[in-house]
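A closer look at the structure
Chain by chain, the residues run as shown.
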Amino acid sequence: MDDFAFELQNGRSGLTRVIDIEDDNCHLGDGMMALTSLNEENRPCLRVYYGSYCTGVYHVNDNTTVAVGRSKNMCDIVVKSDPLISRMHVRITPNSFRKETLVEDLSANGTFVIDYNMSSKLQKKIPTVVEDGALLQLATSDVLIQVVY
């Protein structure tokens, strides 16, 4: 109820919440590319993992930018406080038609793309297209994000 009252007073979107590992409802598994099915609402969804456990699934509107980081005031999705994750770490804009995601790293410690067991660091403040099924790793922490179409 406190969260609901906070969102009413502060006008934040329904996406915002702090991720807790106890809230796991799906497992990433050894293959790391396990989640590729279309979600029920036919909208892109962001699946956020802490370690190998899914801690949040967020349905987003197509071509809508979602900010992720540790600041409740600046971000749509707030991850656990970790000094390696910036207040606003990354912006993610999914495109269902092309099945690709535009990602902009805004962090001090970097955002990495993990695609088929290859990892590369995004260039800071340069929007980059990421293919369907790739994972985004925030800094060197255990926080991973996957866009599912």
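Scope of this entry: the structure provided in the associated data block. Quantities reported herein were computed from a predicted structural model and do not represent experimental measurements. (Residues numbered from 1 in each chain as written. Predicted model: local features only at pLDDT ≥ 70, side-chain atom pairs only at ≥ 80, totals over all residues. Heavy atoms only, no water.)

**With respect to the overall build of the protein chain**
- Helix and strand counts for the protein chain come out as 1 helix and 12 strands.
- The buried share among the 149 residues of the protein chain stands at 45%.
- In the protein chain, once contacts between residues fewer than 6 apart in sequence are set aside, the share between residues at least 24 apart is 51%.
- Looking at the protein chain as shown, the accessible area adds up to about 8,100 Å², and 48% of this sits on carbon and sulfur atoms. (Helix = DSSP H or I, 4+ residues; strand = E, 2+ residues; numbered from the N terminus. Buried < 20%, exposed > 50% of the residue type's maximum accessible area, 1.4 Å probe, protein only. Contact = heavy atoms within 4.5 Å. Areas by Shrake-Rupley, 256 points an atom, 1.4 Å probe, with all protein chains shown as cover.)

**Considering the packing of aromatic side chains**
- According to the stated counting rule, one finds 0 aromatic pairs in the structure shown.
- Between Lys80 and the ring centre of Tyr50, over which it is positioned, the NZ or CZ distance is 4.9 Å. (Phe/Tyr/Trp six-rings, centres within 6.5 Å; stacked < 30°, edge-to-face > 60°. Lys NZ or Arg CZ within 6 Å of the ring centre and 35° of its normal.)

**Some points on the nonpolar core**
- Among the nonpolar cores identified, the biggest contains 22 residues, and Leu46, Val68, Ile92 and Ile145 are the most heavily contacted of them.
- A per-element tally of this core places strand β12 (residues 143-148) first, with 3 residues.
- Filtering out sequence-adjacent residues up to four positions away, Val68 remains in contact with Cys75, Ile77, Val79, Met88, His89, Val90, Ile92, Leu138 and Ile145. (Core = buried A, V, L, I, M, F, W, Y, C linked by side-chain atoms within 4.5 Å.)

**As for the pairing of strand β7 (residues 100-105)**
- Buried residues dominate β7, accounting for 5 of its 6 residues.
- Pairing of strand β6 (residues 90-95) with β7 involves 6 bridges; the strand directions are antiparallel. Bridged to Ile92 within β7 is Val103.
- Counting the residues in the hairpin turn of β6 and β7 gives 4 residues, including Lys99, whose phi is positive at 55 degrees.
- Sheet topology places β7 next to strand β10 (residues 128-131); 4 bridges connect them, and they run antiparallel. Looking across to β10, one finds that Val103 is bridged to Thr128. (Pairing = 2+ DSSP bridges.)

**A look at the side chain of Glu104**
- With respect to the helices and strands, the residue Glu104 is situated in strand β7.
- By relative accessible area, Glu104 is classed as buried at 18%.
- With residues near it in sequence (within four places) discarded, Glu104 still touches His89, Val90, Arg91, Lys125, Ile126 and Pro127.

**Things to note about the state of the cysteines**
- All chains considered together, the criterion is met by 0 disulfides.
- Cys45 takes part in no disulfide bond, and the closest cysteine sulfur to it belongs to Cys54, at a distance of 8.6 Å.
- The exposure class of Cys45 is buried, given its relative accessible area of 0%.
- Cys54 gets classed as buried once you look at its relative accessible area, which sits at 0%. (Disulfide = S-S within 2.5 Å.)

**Points about unusual backbone geometry**
- Phi angles above zero are rare outside glycine, and Asn63 is one such case at about 60 degrees.
- Inspection of the secondary structure puts Asn63 in the loop between β3 (53-59) and β4 (66-69).
- A relative accessible area of 49% places Asn63 in the partly exposed class.

**Things to note about the environment of Val113**
- Checked against the element boundaries, Val113 lands in strand β8 (residues 111-115).
- The exposure class assigned to Val113 is buried, which follows from its relative accessible area of 10%.
- It is 9.1 Å that separates the C-alpha atoms of Val113 and Leu138, two residues lying 25 residues apart in sequence.
- Setting aside its immediate chain neighbours within four residues, Val113 contacts Met118, Ser119, Ser120, Leu122, Val130, Ala134, Leu135 and Leu136.

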